[in-house]
Amino acid sequence: MRTLLVLSLLLTSLSPLTAADPPKPVKVFVLAGQSNMEGKAKIALVDYQAQQPATRDLFKHWQKDGQWIERDDVWIKFLERKGKLTVGYGSPKCIGPELEFGAVVGDRLTEPVLLIKTAWGGRSLYRDFRSPSAGLPPDAALDKMLADLRKQKGKENATLADVKKPFGDSYRAMLDEVGDTLANLKKHFPAYGDQGYEIAGLVWFQGWNDMISADATAEYAANLTHFIRDVRKDLKAPKLPFVVGQMGVEGSKPSANIKKFKDAQAAVMDVPEFRGNVALVKTDAFWDTDAEAIFKKGWRENADEWNKVGSDYPYHYLGSAKTMCKIGRAFGDAVLELRGEKK
């Protein structure tokens, strides 16, 4: 009798599961910012570099039989575009940081991954992404904006309400985009199995429109502190891992204005409550000096050379595909480290 009982227990322990393990909740990462989060490295450049001995290793995991692949385990929604992650989810016919960010987190996590990109060119934290707890700028600043607005043709009768209206527009649009996407996951991604989700991190890559304004630069550290707190509150994720992509335009030798702005971005790392849950990625480490050299030599006059290394202006990181890939990987590593995910 005892032998039969032992045999029965052994057979039970060896029998296969009768049902498949339930799908794991989707890990959601928000990629927010302005034009460099959109991504300005043209696919024509990516296509070329994917075939060159010196650069093809950057892209080999995205190709099979000479064709770009899609990842079944990483989905993306960038405003009106959505699907499985592949090339082309930057600005139209471009890539951005999302490509290699998705590769890093997709490779390291066992759960399915969703990237929600909320990025629009020409936006500032001072005005467009300004979050609720930052309030409005001082009255004197608003009055000056009103005076400047009234100097424009057809806006002579503008009011203070017209000046105030754009403040926070992109912040609200970001929250709306995230909320709508998560409320309609099955509609946007039919492979979603109603397994739930976790907002697992946010990457913030923005700054040019604040850097070119002394007033916006002076407020940036305070406004970014408000932004991080408000995002966590509004997304109901009080310890949401938050990665700041520090401006890297001009590489290791930035102008005085860019250096001052970079210092303002880095200042949030001194906020006690952000220790261990906010990371700063120094993107100047990925500045493409080869593309910069051709640009300075004259990109129009040296088009054949230029089209092998760059595809846009310096404020868009020269449209360097190498730079966008390396930045994306660094963002992915940073957010996973904040989450305690080991390499």
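Note that the structure is a prediction, hence the values are computed from the model and not measured.

> Break down helix α11 (residues 256-266) for me, with residues and values.
Three or more residues of α11 are buried, namely Ile-258, Phe-261, Lys-262, Ala-264 and Gln-265. Looking straight down α11, one finds that the buried residues subtend no more than 155° of arc, so they occupy a single side. Turned more than 90 degrees from where α11 packs its buried face, Ala-256 and Lys-260 sit exposed. Buried-residue contacts for α11 involve α9 (208-211), α10 (214-234), β10 (242-246) and β11 (278-282).

> Please provide a residue-by-residue account of the sheet that holds β10, values included.
Strand order across the open sheet formed by seven strands is β6-β5-β8-β1-β9-β10-β11, with mixed pairing between neighbours. Each edge of the open sheet is held by one strand with a lone partner, namely β6 (81-85) and β11. Pairwise comparison of adjacent strand axes, ignoring direction, gives a mean angle of 20° for this sheet.

> With reference to specific residues and values, describe the pairing of strand β1 (residues 26-33).
In terms of burial, β1 is a largely internal element, eight of the eight residues being buried. For β1 and strand β9 (residues 197-205), the ladder comprises eight bridges, and the chain directions are parallel. Bridge pairing in β9 links Phe-29 to Gly-201.

> Explain unusual backbone geometry to me, using residue names and the numbers behind them.
Although it is not a glycine, Asp-194 adopts a positive phi angle of roughly 60°. Among the structural elements, Asp-194 can be located in the loop between α8 (185-188) and β9. Owing to a relative accessible area of 60%, Asp-194 belongs among the exposed residues under this scheme. Look at Tyr-317: it is not a glycine, yet its phi comes out positive at around 55°. Looking at where Tyr-317 falls in the secondary structure, it is placed in the loop between α13 (303-306) and α14 (321-338). Judged by relative accessible area, which is 1%, Tyr-317 ranks as buried.

> For empty space enclosed by the protein, give the residues involved together with the corresponding values.
Here the structure, examined in full by the defined rule, presents one cavity of 30 Å³ or more. Roughly 90 Å³ of volume is contained in the largest cavity. Taken together, 13 residues line the largest cavity, and the ones lying closest to its centre are Asn-36, Gln-206, Gly-207, Trp-208 and Met-247. For the lining of the largest cavity, a count of residues per class yields six nonpolar, seven polar and no charged.

> Any details on the pattern of salt bridges? Residues and values, ideally.
Within this structure, the stated rule accounts for 23 salt bridges. Residues Glu-273 and Arg-229 are paired through a salt bridge, measuring 2.8 Å at the closest nitrogen-oxygen approach. Here Arg-229 lies in helix α10 and Glu-273 lies in the loop between α11 and β11, a separation of 44 residues in the sequence. Among the salt bridges present, the one from Lys-297 reaches Glu-305, with a minimum N-O distance of 3.0 Å.

Basis of the calculations
- Numbering of residues begins from 1 in every chain and follows the order in which that chain's sequence is written.
- Reporting in this predicted model follows two pLDDT cut-offs: at least 70 for local features of residues, and 80 or more for side-chain atom pairs to be given and counted; totals over whole chains, interfaces and linings ignore these cut-offs and use all residues.
- The basis for every side-chain value is the complete set of heavy atoms in the structure, and neither hydrogens nor water enter the calculation.
- Under the scheme applied here, a residue whose accessible area is under 20% of the maximum for its type counts as buried, over 50% as exposed, and between as partly exposed, the area being computed with a 1.4 Å probe on protein chains only.
- Each helix corresponds to a stretch of at least 4 residues labelled H or I by DSSP, and each strand to a stretch of at least 2 residues labelled E; elements are numbered beginning at the N terminus.
- Within this analysis, the arc is defined by the directions that extend from the helix axis to the C-beta atoms.
- We call two residues in contact whenever any of their non-hydrogen atoms come within 4.5 Å of each other.
- Should DSSP find at least two bridges between two strands, the strands are regarded as paired.
- The angle between two axes is taken between their N-to-C directions and runs from 0 to 180 degrees, where each axis is a line fitted to C-alpha atoms and a helix contributes only its stretch in contact.
- Residues are said to line a cavity or pocket when one of their atoms sits within 4 Å of a point; the points come from a 1 Å grid over protein atoms alone, cavities being sets where a 1.4 Å probe fits but cannot get out and pockets being open sets with protein on both sides within 12 Å along at least five of seven lines.
- Grid points are joined across faces, edges and corners, and a volume is the space filled by probe spheres set on the points.
- Throughout, the ten residues Ala, Val, Leu, Ile, Met, Phe, Trp, Tyr, Cys and Pro are labelled nonpolar, Asp, Glu, Lys and Arg are labelled charged, and all others, Gly among them, are labelled polar.
- Any carboxyl oxygen of Asp or Glu that lies within 4 Å of a side-chain nitrogen of Lys or Arg is treated as forming a salt bridge with it.

Just geometry here; none of it tells us what the structure is for.
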